[in-house]
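# Summary of structural features
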Amino acid sequence: MPTTYYLRVEGVNLSNFVFDTDQLSVIRGGSLLLLHAIKKVAESRLKALADAELTQISTGASVGLFSFVLDDPAKAQEVAQEVRSLLVKEDLQHATFVVDCVPLHPPESFNQISEKLIALNRWRQMQSPSLAIPVSADMPATQPCAWDGVRPANPSPRSPRPVLLADSTWARREYGRKSKHTFYQEQVEAEPTAKALRANRCWPQSFAQDFNSLSQNPAQGNLDGKLAVFYADGNSFGSHQRKAETPEQLQQWDTTIKQFRRVMLANLLNAIQDDPEWLMDDGTPRFETLLWGGDELMFVAPAWKGIELTRRFLDLTGNWRYPTQATSFLTHAIGLVFCHHNAPIHPIRDLVQRLADAGKKRTRAESTVTYAVLESFDHIGTDLATYMRRIFAGRLSDKDRVFLGGEFETLCNHLPAIRASLGRGRVYDFLHDSLQPQVSAAPGEDPVFERLCHDLNGTALASVEAVHDLPSSPLAAWAHVAELWDYVPEPQAQ
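In what follows, the accompanying structure is described. Computed from a prediction, not measured in an experiment: that's the story for all the values here.

### Topic: the sheet that holds strand β1 (residues 3-12)
Reading across the sheet, the four strands line up as β2-β3-β1-β4 and stay open at both edges, with antiparallel pairing between neighbours. Here the strands that pair on one side only, and so sit at the sheet edges, are β2 (55-59) and β4 (96-103). The sheet shows a mean angle of 20° between the axes of neighbouring strands, direction not considered. Across eight bridges, β1 lies against strand β3 (residues 63-70) in antiparallel orientation. Residue pairing across strands places Thr4 opposite Val69, the latter belonging to β3. Lying on the sheet, helix α3 (residues 110-127) is in contact with β1, β2, β3 and β4; it crosses β4 at an angle near 145°.

### Remarks on the packing of aromatic side chains
What describes a pair of aromatic rings is the distance from one ring centre to the other and the angle between the planes of the rings. Evaluated as defined, the whole model comprises 18 aromatic pairs. Pairwise contacts between aromatic rings join Phe183, Tyr184, Phe207, Phe230, Trp278, Phe287, Trp292, Phe299 and Phe313 into one cluster. The aromatic ring of Phe17 is capped on one face by Arg172, whose charged end is 5.1 Å from the ring centroid. When the ring centre of Tyr371 is taken as origin, the NZ or CZ atom of Arg401, which lies over that ring, is 4.7 Å away.

### Description of the pairing of β4
The element β4 is largely enclosed, with a buried count of seven among its eight residues. Alignment of β1 against β4, held across eight bridges, turns out to be antiparallel. If you follow Val12 over to β4, its bridge partner there is Thr96.

### Digging into the sheet that holds strand β10 (residues 332-340)
Taken together, six strands build an open sheet; the order of strands is β6-β7-β5-β10-β11-β12 and the sheet is mixed. What marks the edges here is a single partner per strand, and that holds for β6 (288-291) and β12 (402-404). Put simply, the sheet's adjacent strands are angled 20° from each other on average, direction ignored. For strand β5 (residues 226-234) and β10, the ladder comprises nine bridges, and the chain directions are antiparallel. Note on β10: the bridge partner recorded for Val229 is Val337. Strands in contact with helix α8 (residues 247-274) are β7 (296-302) and β10; relative to β7, the strand with the most contacts, it is inclined by about 5°. Most of the contacts of helix α9 (residues 306-317) go to β10, to which it runs at about 170°, and overall it touches β5, β7, β10 and β11 (368-373).

### A closer look at the environment of Val464
With respect to the helices and strands, Val464 occurs in helix α15 (residues 458-468). Accessibility expressed as a relative area gives 0% for Val464, which makes it buried. It is 34 Å that separates the C-alpha atoms of Val464 and Leu214, two residues lying 250 residues apart in sequence.

### Concerning the pattern of salt bridges
If you walk through the whole model with that rule in mind, you get 23 salt bridges. For Glu78, the salt bridge goes to Lys75, with nearest N and O atoms at 3.6 Å. Note that Glu78 and Lys75 are positioned in helix α2 (residues 73-86) at a spacing of three residues, about one turn of the helix. Since its relative accessible area comes to 39%, Glu78 is described here as partly exposed. Two residues, Glu483 and Arg401, come together in a salt bridge whose shortest N-O distance is 2.6 Å. With Glu483 in helix α16 (residues 474-483) and Arg401 in the loop between α11 (384-391) and β12, the pair connects residues that are 82 residues apart, well separated along the chain. With relative accessibility at 1%, the residue Arg401 sits in the buried group. Here the salt bridges share partners, and the residues they tie into one network are Asp275, Glu277, Lys305, Glu308 and Arg312.

### Describing the packing of α8 against α9
One way to put it is that α8 packs onto α9 with a least axis distance of 10 Å and a crossing angle of 140°. One finds that α8 runs oblique with respect to α9. By crossing handedness, the relation of α8 to α9 is classed as right-handed. Residues Met264, Asn267, Leu268 and Ala271 of α8 form the contact with α9, whose own contacting residues are Leu309, Arg312, Phe313, Leu316 and Thr317. Grouping the constituent residues of the contact of α8 with α9 by class yields six nonpolar, two polar and one charged.

About the criteria used
- Residues numbered from 1 in each chain as written.
- Predicted model: local features only at pLDDT ≥ 70, side-chain atom pairs only at ≥ 80, totals over all residues.
- Heavy atoms only, no water.
- Pairing = 2+ DSSP bridges.
- Helix = DSSP H or I, 4+ residues; strand = E, 2+ residues; numbered from the N terminus.
- Axes fitted to C-alpha atoms, helices over the stretch in contact; angles between N-to-C directions.
- Contact = heavy atoms within 4.5 Å.
- Phe/Tyr/Trp six-rings, centres within 6.5 Å; stacked < 30°, edge-to-face > 60°.
- Lys NZ or Arg CZ within 6 Å of the ring centre and 35° of its normal.
- Buried < 20%, exposed > 50% of the residue type's maximum accessible area, 1.4 Å probe, protein only.
- Salt bridge = Lys/Arg side-chain N within 4 Å of Asp/Glu carboxyl O.
- Parallel < 35°, antiparallel > 145°, perpendicular 65-115°, else oblique.
- Left-handed = near helix turned anticlockwise from the far one by under 90°.
- Nonpolar A, V, L, I, M, F, W, Y, C, P; charged D, E, K, R; others polar.

Structure (structure tokens):
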């Protein structure tokens, strides 16, 4: 009797395949290999299926859910094994994939099958090594890879790098260098609306070779050599997926999110092309995509464009709605880290995700922005709460770092006027005085704030009061002003 089977594939342990080096081409290559691996499964002709078809239901950055119909349980497991074999060939052997397949037996629902597959994938992940290290018998492992410091280096000479690299690092580097020229084109041209947005535009012909070249621009003053690492995670996207009662509903969700993201990406690419501050002298865009697909994405931009990138993302995603829930907006938790170009990317990635998680704790009903400015990585580390208590004498917590999208817009709109009328020193003096024990004043009076506002004209005073009246505490609002002082561009740059 024909039975419907569901098969779930997931690339796991991303920390050991994407973010285990600070080399831009390796990170890009690892991310794209996972993305294209799922596409490879979707397009494969599996011998075990014979005349049956592998139907794609949902695919993400490193996850794919498929179905097929067979009348032989043994053949169904052969399908799963064939997919596993497919995912250990060539460059994919350096990644870690889990594959599970289960039949649908009524009265089981599609939701139950989906949850069962996720649980099986997690169990298989826990039983698998966290690091894939295929080493050939004739390759002596005498020292670690120069870039990841863990895998055994292959001593065979490789041009043009004189350093010894592991096979995994080399494979990802080469894949990242080759695939970067087609990634944006593949994404945007897959969606008609996004393709129309990119009409008559040229695709990037060159890309930054490393974080240093992406961030270097002496004209940017003290932001020269600094990066903005942007991360966005969909709020409750997983619960929306789990609400799908049929494969068709999940397909609709998957298609909708992909359409939204491709249109957003097309708009970002157009903005980059139209603004010289996004481009190097040779036209190379100062923009990289480190994660793409699924619930999350990660971009890297020069520090002087981090605020603009965040505001554009909020604007471009502000009207996302799930088709069957037209009154419910889809929102994101955004983490944003400003750091030096040589800050270690692995802990920066952990920090930017923790920042986004802090936004989720405040609310999932609206998009949030949580940021950190790192003069050096040790300045904060990943423990934002301890840092906030230490710097602000226990008066502020990590919760005070979280903006709602509208609050973030308010600060960014008013900060240029404040910067033009107040010196940075005056703001720091205000923060210092605000942290001191205050002499009691008459109700409604704030002598410290009155000193800050002294001699301001009408426009500047209105901006100062708007920031002071943000829903977060005045102290938190002015801490934001001080930290983002250099990062909010003048209005004409928006």
